[in-house]
Amino acid sequence: MNAKQSCFLFSLASLLSLGAGQPQAAESQTTGPVANKLVIHADRGKETINRNIYGHFSEHLGRCIYEGIWVGAGSPIPNTRGIRNDVVEALKRIKIPVLRWPGGCFADEYHWQDGIGPRDQRPTMINTHWGGVTENNHFGTHEFLDLCEQLGCEPYICGNVGSGTIQEMQQWVEYITFDGVSPMADLRKKNGREQPWKLRYFGVGNENWGCGGHMTAEYYADQYKRYATYVRNFGSNRVFKIACGPNGSDYRWTEVLMREAGRQMAGLALHYYCGTGRKSRSATAFGEEDWFHQLRSALRMEELVTKHSEMMDKYDPQKRVALIVDEWGAWHAVEPGTNPGFLYQQNSLRDALVAAVTLNIFNQHCDRVKMANIAQTINVLQAMILTDKEKMILTPTYHVFEMYTVHHDANLLPAELQCADYEVGQDKIPAINASASRDKAGKIHVTLCNLNPNAPAEVTCELQGAKAGHLSGRVLTASAMTGHNTFEKPQTVQPGEFKAFKATEAGFTATLPAKSVVALEWN
Ligand code: AHR
């Protein structure tokens, strides 16, 4: 399982070969060992990494909303108007920029008027997608927008196309944003909110190729135009309308949507889950083959974003329409003994690497990718936070989001990476993955991943077009590739100071530990 020293250029062509899951031979003719080398062009940064790439997703699913966020004002768990204080504080530390809600599949059977008014009078419903449990609608529009205000993040609401009406969608936006006298604004005031909220991001349906109505691309494109027409801008509020985009590699869906409805949308939403291991679906009991398989699947995001962007370029060469990856992440088997419909999974160092490489990919594509929302914030899928009644732990994925806050709204610095492969059997992937940016204060940040769990990696970095200042670093790793945090041992995987580097005239040399995420900063 050694990393074979071959050359891998961080070029589109090379990375595209990863997407198919069958990496082609590396381009280099080099026969001997090749040094890992990163060249950062500090004078060529053109694009801004939209902080919304570091966005999140919270659905009425399992224990994400109820227990994870909402405990109710009468709960002994410290809360503000029913919303957990510990969770809000933790999410503020990762500067959560935007939160998508209420689904997911749930969005296309959610009727928002059931979730307003006195809580004890709200109707209940069956959450048919997720465990068949009774939804009491105690967390609705006011509670979600209160959460966003407490977090200081932008709300991103997904409307119901699958089983809702156009009028219902139109009235929801009026209820939230209309500043004046109108039936919906008056209802909002009656329910305790005098001032309208600002609502920028609005999704017109979710996965309408699947749980959102099993529509064809052509049918949905027409439906999108009908529904989106009535999503109005009231007062100074401007809605950024997001259409349901493709499932993984469905490039035809992107083509039809861009051709038929591209002019009516501001964003197109791609969904891609990178699955789990091949032999084991467990989040924490897996071997190296599963580690490799999972990371190779995560790297496939490069191919998807590249090819969907190319398709979008065909109809929108000015890149007006954003690619919004509003569901992504790892999807393991649920933890033993938990409700299979609740999608509760643990989160290991492997998930941290999934997050780190995916975020590096989004950074690299920030000319087209303007938002992404990992699924899901708390207690569901690749979560930031796990809760058990009053207890809360931070996952390895949370720590990656915290380390990567330095990239929020920073200027992407183009970089070339030449690196060894990490091989398992006949398969290989690039062992290293990176992105670089310059923040508003002028500091330069480099985030690097060593995907090889067996060997450290020496990397030489050359900074071109800027003078290297004082260098410091942080690292996230664990003794085992399955390392994870539990309620008993909440700090098994957490970032520490990184010292294995040497500043050089041109940049630095660093030794990335096996299976690690490293963030370096030049002051
Ligand atoms: O995130 C879980 C589910 O995955 C969402 O509800 C759905 O949109 C997707 O299939």
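Presented here is an overview of the structure given in this document. Quantities reported herein were computed from a predicted structural model and do not represent experimental measurements.

Around the ligand, the surrounding shell holds 13 residues, and the nearest of these are Glu59, Cys105, Glu207, Tyr273 and Glu327. Measuring from an oxygen atom of the ligand, one finds a side-chain N or O atom of Asn206 at 3.1 Å. A distance of 2.7 Å is found between an oxygen atom of the ligand and a side-chain nitrogen or oxygen belonging to Tyr273. Its free accessible area being 280 Å², the ligand has 93% of it covered by the protein chains. Its residues assigned to classes, the shell around the ligand comprises seven nonpolar, three polar and three charged.

Paired through backbone hydrogen bonds, the strands of a sheet run either parallel or antiparallel to each other. The strand order E2-E5-E8-E9-E10-E11-E12-E13 describes a closed barrel built from eight strands, whose pairing is parallel. Adjacent strand axes in the sheet meet at a mean angle of 30 degrees, parallel and antiparallel pairs treated alike. Note: strand E2 (residues 55-57) against strand E13 (residues 369-375), three bridges, orientation parallel. Among the inter-strand pairings, Phe57 is bridged to a residue of E13, identified as Ala375. Packed on one face of the sheet, helix H9 (residues 349-364) meets strand E12 (322-329) and E13 and runs near 175 degrees to E12.

Okay, the packing of helix H2 (residues 85-93) against helix H3 (residues 141-151) next. For the pair H2 and H3, interaxial distance at closest approach is 9 Å and the crossing angle is 50 degrees. Here H2 lies oblique to H3, going by the angle between them. Seen along the crossing, H2 lies across H3 with a hand that is right-handed. Between H2, through Val88, Leu91 and Lys92, and H3, the contact on the second element is made entirely by Leu147, Gln150 and Leu151.

Below, the discussion takes up the sheet that holds strand E22 (residues 457-464). Spatially, five strands are ordered E17-E1-E22-E26-E25 in an open sheet, and the strand pairing comes out mixed. Edge positions in the sheet fall to strand E17 (415-418) and strand E25 (501-503), since each has one partner strand and no second. The mean angle between the axes of side-by-side strands here comes to 15 degrees, regardless of whether they run parallel or antiparallel. With three bridges joining them, E25 and strand E26 (residues 507-512) adopt antiparallel strand pairing. Within the sheet, the bridge partner assigned to Phe501 lies in E26 and is Ala510.

Rules used throughout
Residues numbered from 1 in each chain as written. Predicted model: local features only at pLDDT ≥ 70, side-chain atom pairs only at ≥ 80, totals over all residues. Heavy atoms only, no water. Near = heavy atom within 4 Å. Polar contact = N/O pair within 3.5 Å; in protein donor to acceptor, adjacent residues only side chain to side chain. Areas by Shrake-Rupley, 256 points an atom, 1.4 Å probe, with all protein chains shown as cover. Nonpolar A, V, L, I, M, F, W, Y, C, P; charged D, E, K, R; others polar. Pairing = 2+ DSSP bridges. Helix = DSSP H or I, 4+ residues; strand = E, 2+ residues; numbered from the N terminus. Axes fitted to C-alpha atoms, helices over the stretch in contact; angles between N-to-C directions. Contact = heavy atoms within 4.5 Å. Parallel < 35°, antiparallel > 145°, perpendicular 65-115°, else oblique. Left-handed = near helix turned anticlockwise from the far one by under 90°.

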